[in-house]
Amino acid sequence: MKRLFSGAQPTGTLHLGNYIGAIKNWVELQNKYDCIFSIVDLHAITIEYNQKSMREKILDLAKTYIACGIEPDKAKLFIQSQVKQHTELMWILSTVTPLGELNRMTQFKDKAKQHSHNINLGLYSYPVLQAADILVYKAEFVPVGEDQIQHIEITREIARKFNFRFNTDYLPEPKELLSKGARLMGLDGDSKMSKSKNNFIGLDEDEKSIMNKLRGAKTDPARIKRTDSGNPKICNMFAWHKIFSSEEEQNKCSDGCKTAQIGCVDCKKILCANINKIIEPIRLKKQELDKDNDYIIDILKNGAVKCSNIAEETMIGVRDILGFNI
Ligand code: TRP
């Protein structure tokens, strides 16, 4: 099986957009690829964070992945800082990374703006660590969202520079695998679902809470009274139906909306039931996992051992290429 690597920062509870856009895809990929999924704690410390809640956030992310269907027997799941070869390779790769390339990174520019009081070297060299994450496993594919394409491009550039400098083809250039999953808009209908925009449905919410949020979600603004007909084409909730509801339900809502036969609340109730069908099993499984931290810690340690073995094999070759083979 071809190898695939992806990473995610432990930044707190995940939402429906994360599930539809990424995790669901990862769950499918684990049957087709040799998957390595990392919780990238070393990346997370490039901005201010709360040390006291780091452990909990890491465990929470691991539990969420497992609750969503990542199977530790199929995919390797581990904490980045537990595999030391990532940082070793990062240093080596930093000696072939052009500053000009790092200066172009839009994520760095955005974060530098957001955290202008703390523009540190780690924030700047973040993409070099990301390249090391991928290259230390010689991964062929990297499933990511569009915002990460630039980081995969620079990973390829860094692999090329390394290979050229040391006259080798040791590090393969990875390709991004853009998620097939839909890009879910937020409840506001204005922007992508995101925690910071507070337009999200969390994977830890129950049916009541989901319905409460849906009640406030934006629909066709021209439809003020129930007797007004609406235009499903411009209704964000109808866009959600296309993701979550059966064709029959979609038709019912679409036709009903145009003819004012069905109200927005009824439409949202159908949506709520369908979303809850996805979220409820995840929420319940997660609650179960919450009772057994040791089980999760075991999975992560196991993952780290397996990944260290692969990463060390790569590093033996890298050290040899560098002339460090005494
Ligand atoms: N930078 C990625 C993000 O913000 C997280 C990440 C770190 C990553 N290392 C990675 C993603 C390696 C893919 C591969 O989402």
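Refer to the structure above for everything that follows.
Draft legend 1. A look at the pattern of salt bridges. Throughout the structure, instances matching the rule amount to 17 salt bridges. Salt-bridge contacts for Lys 74 lead to Glu 71; the nearest nitrogen and oxygen are separated by 3.3 Å. Exposure remark for Glu 71: the relative accessible area of 36% places this residue in the partly exposed category. Put simply, Glu 157 and Arg 160 hold a salt bridge, and the shortest N to O gap is 3.3 Å. One end of the pair, Glu 157, and the other, Arg 160, are both in helix H8 (residues 149-165), 3 residues apart, so they sit about a helical turn from each other. Accessibility expressed as a relative area gives 17% for Glu 157, which makes it buried.

Draft legend 2. The packing of helix H11 (residues 247-258) against helix H12 (residues 264-289), seen in detail. Relative to each other, H11 and H12 sit at 160 degrees, their axes nearing to 10 Å. Here H11 lies roughly antiparallel to H12, going by the angle between them. Seen along the crossing, H11 lies across H12 with a hand that is left-handed. Counted together, Glu 249, Lys 252 and Cys 253 of H11 and Cys 267, Ile 270 and Asn 274 of H12 form the full contact between these two elements. A breakdown of the residues in the contact of H11 with H12 according to their chemical character gives 3 nonpolar, 1 polar and 2 charged.

Draft legend 3. Representation of the packing of aromatic side chains in the model. Applying the stated criterion across every chain, the model contains 8 aromatic pairs. When the ring of Phe 5 is compared with that of Tyr 137, the centres are 5.6 Å apart and the planes differ by 15 degrees; the resulting orientation is stacked. Of the two residues, Phe 5 sits in strand S1 (residues 3-8) while Tyr 137 sits in the loop between helix H7 (121-135) and strand S4 (141-144), which places them 132 residues apart along the sequence. Note on Phe 5: relative accessible area 3%, which makes it buried. Measuring from ring centre to ring centre gives 6.1 Å for Trp 240 and Phe 244, while their planes differ by 65 degrees; the resulting arrangement is edge-to-face. Taken together, the residues Trp 240 and Phe 244, both in helix H10 (residues 236-244) and 4 residues apart, mark about one turn of the helix. The buried category is assigned to Phe 244, whose relative accessible area is 9%. Ring pairing ties together the aromatic residues Phe 5, Phe 78 and Tyr 137, which thus form one cluster. Across the ring face of Tyr 170, the terminal group of Lys 138 is positioned such that the distance to the ring centre comes to 3.6 Å. Just above the ring of Phe 200 sits the side chain of Lys 213; from NZ or CZ to the centre is 4.4 Å.

Draft legend 4. Spotlight on the site of the ligand. Taken together, the residues surrounding the ligand are Phe 5, Ser 6, Gly 7, Val 40, His 43, Tyr 126, Gln 130, Asp 133, Ile 134, Val 142, Val 144 and Gln 148. Between Tyr 126 and the ligand, the recorded distance is 2.7 Å, taken from a side-chain N or O atom to a nitrogen atom. Interatomic distance of 3.1 Å between a side-chain N/O atom of Gln 148 and a nitrogen atom of the ligand. Isolated, the ligand exposes 370 Å² of accessible area, and the fraction of that covered by the protein chains is 89%. Of all the secondary-structure elements, those providing two or more residues to the shell around the ligand are S1, H7 and S4.

What counts and how
- Residues numbered from 1 in each chain as written.
- Predicted model: local features only at pLDDT ≥ 70, side-chain atom pairs only at ≥ 80, totals over all residues.
- Heavy atoms only, no water.
- Salt bridge = Lys/Arg side-chain N within 4 Å of Asp/Glu carboxyl O.
- Buried < 20%, exposed > 50% of the residue type's maximum accessible area, 1.4 Å probe, protein only.
- Helix = DSSP H or I, 4+ residues; strand = E, 2+ residues; numbered from the N terminus.
- Axes fitted to C-alpha atoms, helices over the stretch in contact; angles between N-to-C directions.
- Parallel < 35°, antiparallel > 145°, perpendicular 65-115°, else oblique.
- Left-handed = near helix turned anticlockwise from the far one by under 90°.
- Contact = heavy atoms within 4.5 Å.
- Nonpolar A, V, L, I, M, F, W, Y, C, P; charged D, E, K, R; others polar.
- Phe/Tyr/Trp six-rings, centres within 6.5 Å; stacked < 30°, edge-to-face > 60°.
- Lys NZ or Arg CZ within 6 Å of the ring centre and 35° of its normal.
- Near = heavy atom within 4 Å.
- Polar contact = N/O pair within 3.5 Å; in protein donor to acceptor, adjacent residues only side chain to side chain.
- Areas by Shrake-Rupley, 256 points an atom, 1.4 Å probe, with all protein chains shown as cover.

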